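Understanding the architecture of this molecule
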Amino acid sequence: MTAATTVETRPATTDGGGVRDRIGRVLLWLAAVGAAAAALGAYGAVADAEPAVTVVETWRAYGFVVFAGLFALLALRPRGYRGVWPLVIFHKVAMTVTALAYTRNAAIEGTGTILVWDGALSVLLVLAFVLCRGWVAEPRR
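Residues numbered from 1 in each chain as written. Predicted model: local features only at pLDDT ≥ 70, side-chain atom pairs only at ≥ 80, totals over all residues. Heavy atoms only, no water.

Quick look at the overall build of the protein now. Looking only at helices and strands, the protein has 4 helices and 0 strands in total. When the 141 residues of the protein are sorted by exposure, 30% land in the buried category. Within the protein, contacts between residues at least 6 apart in sequence are counted, and of these 70% link residues at least 24 apart. Summed over its atoms, the accessible surface of the protein is roughly 9600 Å², and 67% of this surface lies on carbon and sulfur atoms. (Helix = DSSP H or I, 4+ residues; strand = E, 2+ residues; numbered from the N terminus. Buried < 20%, exposed > 50% of the residue type's maximum accessible area, 1.4 Å probe, protein only. Contact = heavy atoms within 4.5 Å. Areas by Shrake-Rupley, 256 points an atom, 1.4 Å probe, with all protein chains shown as cover.)

Encoded structure:
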């Protein structure tokens, strides 16, 4: 005698998850647009950079483009890229904590800017992660 085993499948979002998903995705799109704007704004910093820091400024500008892309991917499919969430959250939290540590040295410039922007982005990303349930895998197609 054989018995058929059934596995109940549930959608990735239930019980109002659609609203939470939309809010989380809007937050991610805001992050993507902000990173893209920062990339465009970095053009001046690269163009005006002293030769000793040109490569660093270029690296930073390209980093904004990469993060804009990562945030856009997460906004499009928040449960499709589970491994990306911890990477982007780690980076933003690490930047915030590092800037906080660097505030002890007055010679290190830019810590206030990093604290504000990366700190706010850390909160935004964690909120979007929770709202979109980023730890849940998207159903396989």
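This next bit is on helix 4 (residues 111-132). For helix 4, which comprises 22 residues, the first-to-last C-alpha distance of 30 Å matches the rise-based estimate of 32 Å (1.5 Å per residue) to within 8%. Listing the buried residues of helix 4 in full gives Thr111, Asp118, Gly119, Leu121, Ser122, Leu124, Leu125, Ala128, Leu131 and Cys132. Taken together, the buried residues of helix 4 touch helix 1 (17-48), helix 2 (54-76) and helix 3 (84-102). One or two positions beyond helix 4, positive phi appears at arginine 133, with a value near 50 degrees. (Expected span 1.5 Å × (residues − 1).)

Before going further, it helps to spend a moment on the side chain of serine 122. Examined against the element boundaries, serine 122 turns out to sit in helix 4. Taking the relative accessible area as the measure of exposure, serine 122 reaches 9% and is therefore buried. If sequence neighbours within four positions are ignored, serine 122 has contacts with Lys92, Val93 and Thr96.

On to the environment of lysine 92, then. Mapped onto the fold, lysine 92 is located in helix 3. On the basis of relative accessibility, which here comes to 9%, the residue lysine 92 falls in the buried class. Along the sequence, lysine 92 and leucine 115 sit 23 residues apart, while their C-alpha atoms lie 9.8 Å from each other. Apart from the residues within four sequence positions on either side, lysine 92 is in contact with Phe67, Asp118, Leu121, Ser122 and Leu125. Among the polar contacts listed, one links the side chain of lysine 92 to the side chain of aspartate 118, at a separation of 3.1 Å. (Polar contact = N/O pair within 3.5 Å; in protein donor to acceptor, adjacent residues only side chain to side chain.)

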